[in-house]
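Residue-level structural notes
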Amino acid sequence: MTFPIYQSEETFDPRSPEEWAAFRALSHRMVDDMLTHLATLREQPAWREMPPSVRAALAEPIPRAGVGAEAAYMDFVQNVLPYPDGNLHPRFFGWVKGNGTPLGMMADMLASGLNPHMAGFNQAPALVEQQLIDWLAELLGMPGGSGVLVTGGTMASTLALGVARFARARELGIDVREDGVQAWHDSLRHGPLVFYGSVETHGWARKAAEFIGLGNRAFRRVPVDADYRMNMTVLAEAVAADRAAGLVPFCVVGTAGTVNTGASDDLTAIADFCRRQKLWFHVDGAFGALAYLSEKLRPWVAGLELADSLGFDLHKWGCLPFECACVLVRDPEMHKATYAAPASYLAETTRGVIAGGLPFADRGIDLTRGFKALKAWLSLKADGVDKLVRLIEQNVTQTAYLAERVEEHPDLELLAPAPLNIACIRYAPAGVSDDMLDAVNTEVLLRIQETGIAVPSSTILGGKFAIRVANVNHRARLTDIDVLIDAILRVGADVTAEMKQEQPSPSAPRDR
Ligand SMILES: *Cc1c(COP(=O)(O)O)cnc(C)c1O
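Here we summarise the structure given alongside this text. (Residues numbered from 1 in each chain as written. Predicted model: local features only at pLDDT ≥ 70, side-chain atom pairs only at ≥ 80, totals over all residues. Heavy atoms only, no water.)

Here's the deal with the pattern of salt bridges
Taken as a whole and judged by the stated rule, the model has 20 salt bridges. Between Arg-42 and Asp-480 there is a salt bridge, with its nearest N and O atoms 2.8 Å apart. Linking Arg-42 in the loop between helix H1 (17-39) and helix H2 (52-57) with Asp-480 in helix H15 (residues 478-502), this pair joins segments that are 438 residues apart in sequence. By relative accessible area, Arg-42 is classed as partly exposed at 33%. The shortest N-O distance in the salt bridge between Lys-316 and Asp-313 comes to 3.5 Å. Here the two residues Lys-316 and Asp-313 agree in accessibility, since each one is buried. Because the salt bridges share partners, they merge into one network encompassing Arg-42, Arg-91 and Asp-480. (Salt bridge = Lys/Arg side-chain N within 4 Å of Asp/Glu carboxyl O. Helix = DSSP H or I, 4+ residues; strand = E, 2+ residues; numbered from the N terminus. Buried < 20%, exposed > 50% of the residue type's maximum accessible area, 1.4 Å probe, protein only.)

Looking at the site of the ligand
Lining the immediate surroundings of the ligand are 13 residues, of which Gly-153, Thr-154, Asp-284, Asp-313 and Lys-316 lie closest. Within the side chain of Thr-154, an N or O atom sits 2.7 Å from an oxygen atom of the ligand. Asp-284 places a side-chain nitrogen or oxygen 2.6 Å from a nitrogen atom of the ligand. Notes on the ligand: free accessible area 380 Å², of which the protein chains cover 86%. Residues of the shell around the ligand, tallied by class, amount to four nonpolar, six polar and three charged. (Near = heavy atom within 4 Å. Polar contact = N/O pair within 3.5 Å; in protein donor to acceptor, adjacent residues only side chain to side chain. Areas by Shrake-Rupley, 256 points an atom, 1.4 Å probe, with all protein chains shown as cover. Nonpolar A, V, L, I, M, F, W, Y, C, P; charged D, E, K, R; others polar.)

Focus on the sheet that holds strand E10 (residues 422-427)
With mixed pairing, the five strands of this open sheet are ordered in space as E1-E11-E12-E10-E9. Each edge of the sheet is formed by a strand with only one pairing partner; in this case those strands are strand E1 (92-93) and strand E9 (412-414). Contacting E9, E10 and strand E12 (464-470), helix H13 (residues 373-408) crosses the sheet at an angle of about 130° to E9. Running over the sheet, helix H14 (residues 434-450) touches E10, strand E11 (455-461) and E12 and is turned about 30° from E12. (Pairing = 2+ DSSP bridges. Contact = heavy atoms within 4.5 Å. Axes fitted to C-alpha atoms, helices over the stretch in contact; angles between N-to-C directions.)

Examining H1
In this model H1 runs 33 Å from its N-terminal to its C-terminal C-alpha over 23 residues, within 8% of the 33 Å that 1.5 Å per residue would give. Listing the buried residues of H1 in full gives Leu-26, His-37 and Leu-38. Close packing links the buried residues of H1 with helix H3 (69-79) and helix H4 (102-114). (Expected span 1.5 Å × (residues − 1).)

Observations regarding the side chain of Thr-338
Relative to the helices and strands, Thr-338 resides in helix H12 (residues 332-339). Residue classification places Thr-338 among the buried residues on the basis of a relative accessible area of 7%. A polar side-chain atom of Thr-338 sits 2.7 Å from the main-chain carbonyl oxygen of Met-334. When residues no more than four places from it in sequence are discounted, the contact partners of Thr-338 are Gly-162, Val-163, Phe-166 and Arg-177.

Without other data, these values stay purely geometric and don't point to any function.
This is how it looks when you write it as structure tokens:
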């Protein structure tokens, strides 16, 4: 039997020194183009609408035969590069999205180039992730804790809730891994599990409740006070009432930096309550946890260091490219007991490549994982934690400046306290109804986005439409805040005038 295909065997590598040289040249061009893009962001609009031709170009039939790397790359340059949602820009303040960094981008390239399988495999890349986790655990008041990098804050907090559920079930003599939530239905001894968070808790909690089989109703939403912090009296009453009704409370979620306003729950009080009530204390610190790194800002998120578990992002206030988040669990044994799943084809040996096992696969759901840790490790080493702290403080100062400009101007209104890096504001000249202000501010927001001046987003606070400015932007300067405020005033005046004109006065006859 012969194998005549030898000459035509395929590979995705270049096949000759000439092909390598051509690919190297293209690669250098890619790096140069992207760095030029990053270096000239200020000259570009914060956002631009996609023309129909671009939408059409991005709806191609399946490419059976390739066009080659260079042609495909030109498609990227023409049709993709100019049309993201704007989060690179110095005046992007929408939702809570980080910018990414040039060094982080290069680290992602190195991570892909090296392409290690990060289930564990106790080689150098695994030591990098473990060292990073140890640093983060120490920085955030959980030294010796167990951790793993994940895609985002949603996954981080979902994994933590899974550990909390497992831990509580174990106390009750239920093996939730073996018997599932079904065990509760089968057991006459215990009512269903429930957990608590404020109404300002991010939407991950609902998804997590559904995903781990508890159901949305198991997530008890506790009202907030005027500062958007969880009302502790109502929490205590709710837990007592649920216990009396035969339910099994297992966890309280405190938020360090809520998504709407940047408020933080009283984490110290929640920790104390959880200790007395024997409940798991999880902190969602998606962006706010990193405020803990600053001595100046730490009081805003104090108590975070008392958590049983903490979920937070490095791709928001940590500024790293997507995706990069981390879950920390204080009790390493509990973390591993929740997720470790031995398999014959993954068995650990005392020597060789799999010596040391698969610690990261044992701390979550993912088996195959990318080398997200590299960008965080490399960036912390290159810039130091102190620089990150200065940037975080800078964003808070910029937000305080924005809040001050808003409060000083008679036509602007601050709709909630802005203690950290989020401000909810609106254009509100005297003598305009709340209904009309909602319409005016919606239009102002859209025009500011569509003209590419800046990208804030929106929320509803106390029934009022708010322009929401969330600042995790390491490229923003105070002058960018001025540009945004001036635009809101200018566009706000235009839109209000237009809308007043459109509105028929009460006495005018309506003709249709
Ligand atoms: C962004 C955010 C999340 C979700 O994090 P992702 O990284 O988007 O999954 C959770 N909680 C808060 C407070 C957030 O701001």
